[in-house]
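One-letter residues, chain by chain:
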Amino acid sequence: NDGAVCLIVRRADKARDLAQVPVDVAGWSWAKIKQDKLHTMVREQLRPQLRQAGAEALAMAGVSLADVKHFEGYDASSFHLINQIEGLGFAAPGTGLAFCRDGQMTVGGRIPTNTSGGNLSQAYMQGWSQVAEAVRQLRHSAGTYQVPGIEVSMTNLAQ
């Protein structure tokens, strides 16, 4: 596919007077696979890394998982997205597929997920289009797919 994403990161005090509403990056983290990659990806489904990075990012932002009203995840395949939903704690391990089937990942569900379509249905931009969608959601400019009353969104570029 063809596409482009541009994200401009600027100090908050310098962004206040811009034409677009600024969106704060309040927390971030990353986690590394510390042992056999195949074991970690297949057996543990990256859950220890997702749990660690998610907890660190939320703590840095001063919010809890319950505050997150929108999620944009890296979805090179649908299985990756289910792993993230479970690994971050939006759904209990082993229940992510049912969570999705029950509509909990749609606008109006428990945690609207990849509202612009993600890599699988919008464009494969290595997860950067998901970051742009989180910005649109937080600016309340996502149109038909806008999550009502959103103040906190979370993205994940797990690969």
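The present account deals with the structure reproduced in this document. (Residues numbered from 1 in each chain as written. Predicted model: local features only at pLDDT ≥ 70, side-chain atom pairs only at ≥ 80, totals over all residues. Heavy atoms only, no water.)

1. A look at the overall build of the chain
For step 1, the next point in the chain: A tally of regular secondary structure across the chain gives seven helices and two strands.
For step 2, the next point in the chain: Helices and strands appear in the chain in the N-to-C order α-α-α-β-α-α-α-α-β.
For step 3, the next point in the chain: Compactness check: the chain gives a C-alpha radius of gyration of 16 Å against a globular reference of 15 Å for 159 residues, within 12% of the reference.
For step 4, the next point in the chain: Based on the C-alpha atoms only, the size of the chain along its principal axes is roughly 50 × 35 × 30 Å.
For step 5, the next point in the chain: Counting every position in the chain, which comprises 159 residues, the buried fraction comes to 36%.
For step 6, the next point in the chain: Counting only contacts in the chain whose residues sit at least 6 apart along the sequence, the fraction spanning at least 24 positions is 59%.
For step 7, the next point in the chain: Surface accessibility of the chain: about 9500 Å² in total, with carbon and sulfur atoms responsible for 54%. (Helix = DSSP H or I, 4+ residues; strand = E, 2+ residues; numbered from the N terminus. Rg over C-alpha atoms; globule rule 2.2 N^0.38 Å. Buried < 20%, exposed > 50% of the residue type's maximum accessible area, 1.4 Å probe, protein only. Contact = heavy atoms within 4.5 Å. Areas by Shrake-Rupley, 256 points an atom, 1.4 Å probe, with all protein chains shown as cover.)

2. With respect to the layout of surface pockets
For step 1, the next point in the chain: In this model, the largest pocket occupies a volume close to 1700 Å³.
For step 2, the next point in the chain: If you trace the largest pocket, you find 49 residues lining it, with Asp 24, Val 25, Gly 27, Val 131 and Thr 155 closest to the centre.
For step 3, the next point in the chain: Elements with a minimum of two residues in the lining of the largest pocket: helix 1 (12-15), helix 3 (47-61), helix 7 (128-139) and strand 2 (153-156).
For step 4, the next point in the chain: Within this model, the second largest pocket holds a volume of roughly 270 Å³.
For step 5, the next point in the chain: What lines the second largest pocket is a set of 15 residues, among which Leu 81, Met 105, Thr 113, Asn 114 and Thr 115 lie closest to the centre.
For step 6, the next point in the chain: Counting only elements with at least two residues in the lining of the second largest pocket, the list comes to helix 4 (78-88) and helix 6 (118-121).
For step 7, the next point in the chain: Considered class by class, the residues forming the lining of the second largest pocket number six nonpolar, eight polar and one charged. (1 Å grid on protein atoms, 1.4 Å probe; cavity = no way out; pocket = protein on both sides within 12 Å on 5 of 7 lines; lining within 4 Å. Points joined across faces, edges and corners; volume = space filled by probe spheres on them. Nonpolar A, V, L, I, M, F, W, Y, C, P; charged D, E, K, R; others polar.)

3. Overview of the packing of aromatic side chains
For step 1, the next point in the chain: Summed over the entire model, instances satisfying the criterion amount to one aromatic pair.
For step 2, the next point in the chain: On the basis of an interplanar angle of 50° and a centroid distance of 5.5 Å, the ring pair of Phe 71 and Phe 90 is categorised as tilted. Note that Phe 71 is positioned in strand 1 (residues 70-73) and Phe 90 in the loop between helix 4 and helix 5 (96-101), a separation of 19 residues in sequence. Here the two residues Phe 71 and Phe 90 agree in accessibility, since each one is buried. (Phe/Tyr/Trp six-rings, centres within 6.5 Å; stacked < 30°, edge-to-face > 60°.)

4. Points about unusual backbone geometry
Glycine aside, residues mostly have negative phi, and peptide bonds are mostly found in the trans state.
For step 1, the next point in the chain: Positive phi, close to 45°, is recorded for Asn 114, a residue that is not glycine.
For step 2, the next point in the chain: Relative to the elements of secondary structure, Asn 114 occurs in the loop between helix 5 and helix 6.
For step 3, the next point in the chain: Residues other than glycine seldom take positive phi values, yet His 140 does so here, at roughly 60°.
For step 4, the next point in the chain: Looking at the element boundaries, His 140 is found in the loop between helix 7 and strand 2.

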